[in-house]
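Read off the chains here:
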Amino acid sequence: MNNNANIDKNYETYYKRGNYSKVYPTEFVMRAFLQTKLPGLKMEKPSADSKILEVGFGDGRNTVFLCEQGWDVSGVEITQGICDQTEERMRKLGFRNFRFAVGRNSRLPFPDNSFDYLLASHACYYLDDGETFMDNMKEYARVLKKNAYAIFDVIHIRPDVKDDINIMNNAEKKEDCYIIRNDPLGIRNGYRFKAFETRDEVVDYLSPLFFNFSIGTADNNFFGVTERLFWVVCQAK
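Residues numbered from 1 in each chain as written. Predicted model: local features only at pLDDT ≥ 70, side-chain atom pairs only at ≥ 80, totals over all residues. Heavy atoms only, no water.

> Just checking my understanding: could you explain the packing of helix 2 (residues 27-34) against helix 3 (residues 61-68) for this structure?
Packed helix pairs are characterised by how far apart their axes lie and by the angle those axes make with each other. It is at 10 Å that the axes of helix 2 and helix 3 come closest, and there the two elements cross at 20 degrees. Taken together, the axes of helix 2 and helix 3 lie roughly parallel to each other. Crossing hand, helix 2 versus helix 3: right-handed. When helix 2 is examined against helix 3, the residues V29, M30, F33 and L34 are found in contact with a partner set consisting of N62, F65 and L66. (Axes fitted to C-alpha atoms, helices over the stretch in contact; angles between N-to-C directions. Helix = DSSP H or I, 4+ residues; strand = E, 2+ residues; numbered from the N terminus. Parallel < 35°, antiparallel > 145°, perpendicular 65-115°, else oblique. Left-handed = near helix turned anticlockwise from the far one by under 90°. Contact = heavy atoms within 4.5 Å.)

Okay, here's the thing in structure tokens:
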């Protein structure tokens, strides 16, 4: 079984185990979409007919939030099992303004220029076998309309203290990415991911595809589970 198949099986089991009746959205997602006076955020808020794609929706915590706003929501996950169990939760909660499909970061099952917004919370930096972070970003740009917005987070590392965030603990450096070796969730070992050291590195990497960058940061310690992130909002060229 290759790494992609392992990840598919592990994540499907993980989300099934945590199949709660209610879930709650990620804070940076709510702030990006709802708050209108954040001084460092350059993003127009969605209109009533906006089409939004959520990549890696998982247990649906952000999907519920997006649907509550009345927007036209599509979602992509890596297995049909994840799609089915989250769809069941959404329908039990009374939502119908969404559609789910199976896909990957680098293979989204939608035509070119389909969406006004793309959200990827804790998702875009994972790399399938034989693929790069740029492959993921090219696919994001492909399905977005010109000037449409991408909203996502990427891992922020500091070279002097790489191991202080859990995903970097004993991570193996491989050319342009890292391999997870000591996953606190116990499901991602062997999977590859992209990380960045500075804001300028993020902008330089993505500038061939996107412009008008807004970048925030997070440095969290959830009682021993730690993360450091860049929050990124930008527009497709």
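> Please explain helix 2 as it appears in this structure.
Note that an α-helix has 3.6 residues per turn; residues three or four places apart therefore point the same way. Residues of helix 2 that are buried: F28, V29, A32 and F33. Down the axis of helix 2, the sector holding all buried residues measures 120 degrees, keeping them to one side. Contact partners of the buried residues in helix 2: strand 1 (51-55), helix 3, strand 4 (115-120), strand 6 (144-156) and strand 12 (225-236). (Buried < 20%, exposed > 50% of the residue type's maximum accessible area, 1.4 Å probe, protein only. Arc of directions from axis to C-beta.)

> Mind showing me how you'd approach the pattern of salt bridges here?
Where side chains of opposite charge bring their charged atoms close, a pairing between them can arise. Tallying each qualifying case throughout the model produces 17 salt bridges. Note that D116 and K145 form a salt bridge whose closest N and O atoms lie 3.1 Å from each other. A residue pair is termed long-range when its members are at least 10 positions apart, and D116 in strand 4 and K145 in strand 6 qualify at 29 residues. Accessibility expressed as a relative area gives 21% for D116, which makes it partly exposed. Classification of K145 by relative accessible area gives partly exposed; the value is 30%. Between R142 and E139 there is a salt bridge, with the nearest N and O atoms lying 2.9 Å from each other. In this pair, R142 and E139 both sit in helix 5 (residues 133-143), 3 residues apart, roughly one turn of the helix. For R142, a relative accessible area of 24% gives the class partly exposed. Members of the salt-bridge network, linked through shared partners, are D8, R104 and D128. (Salt bridge = Lys/Arg side-chain N within 4 Å of Asp/Glu carboxyl O.)

> Is there a simple way to explain the environment of F211 in this structure?
Relative to the helices and strands, F211 is located in strand 11 (residues 210-222). Residue F211 is classed as partly exposed on the basis of its relative accessible area of 30%. Between the C-alpha atom of F211 and that of K237, which follows or precedes it by 26 residues, the distance is 6.7 Å.

> I would appreciate a short explanation of the sheet that holds strand 8 (residues 177-179) in the present structure.
Backbone hydrogen bonds are what pair the strands of a sheet, in a parallel or an antiparallel way. One open sheet holds the 4 strands; their spatial order is 5-9-8-7, and the pairing between them is antiparallel. The strands lining the two open edges of the sheet, one partner per strand, are strand 5 (126-127) and strand 7 (172-174). Relative to strand 8, strand 7 is paired through 3 bridges, and the arrangement is antiparallel. If you follow E172 over to strand 8, its bridge partner there is I179. (Pairing = 2+ DSSP bridges.)

> Can you help me understand the layout of surface pockets in this one?
Volume-wise, the largest pocket comes out at about 1,400 Å³. Surrounding the largest pocket, 47 residues form its lining, Y15, S121, H122, Y125 and L185 being those nearest its centre. Mapped onto the lining of the largest pocket, the elements with two or more residues apiece are helix 1 (3-17), helix 2, strand 1, helix 3, strand 2 (72-77), strand 11 and strand 12. A total of 6 residues in the lining of the largest pocket trace back to one element, the largest contributor, which is strand 12. (1 Å grid on protein atoms, 1.4 Å probe; cavity = no way out; pocket = protein on both sides within 12 Å on 5 of 7 lines; lining within 4 Å. Points joined across faces, edges and corners; volume = space filled by probe spheres on them.)

> What exactly am I supposed to notice about the pairing of strand 4 here?
Consecutive side chains along a regular strand alternate between the two faces of the sheet. Of all 6 residues in strand 4, 5 are buried; the element is thus mostly enclosed. Sheet topology places strand 1 next to strand 4; 3 bridges connect them, and they run parallel. By the bridge assignment, E54 is partnered in strand 4 with L119. Note: strand 4 against strand 6, 5 bridges, orientation parallel. From the neighbouring strand, A120 faces strand 6, where its bridge partner is F152.

> Would you explain the side chain of D128 in this entry?
As for its position among the elements, D128 is in the loop between strand 5 and helix 5. Setting aside residues up to four positions removed in sequence, D128 forms contacts with N4, R104, R107, Y191 and R192.

> I'm lost on the nonpolar core in this one. Help?
A general tendency of soluble globular proteins is for nonpolar side chains to be buried together. Core analysis: the biggest nonpolar cluster contains 81 residues, and F33, F133, I151, F152, F193 and F210 have the highest contact counts within it. The dominant element in this core, judged by the number of residues it contributes, is strand 6, at 8 residues. Among all residues touching F33, those that are not within four sequence positions of it are M43, K45, P46, I52, F65, L66, W71, Y117, L119 and I151. (Core = buried A, V, L, I, M, F, W, Y, C linked by side-chain atoms within 4.5 Å.)

Geometric descriptors of this kind do not, in isolation, establish any biological role.
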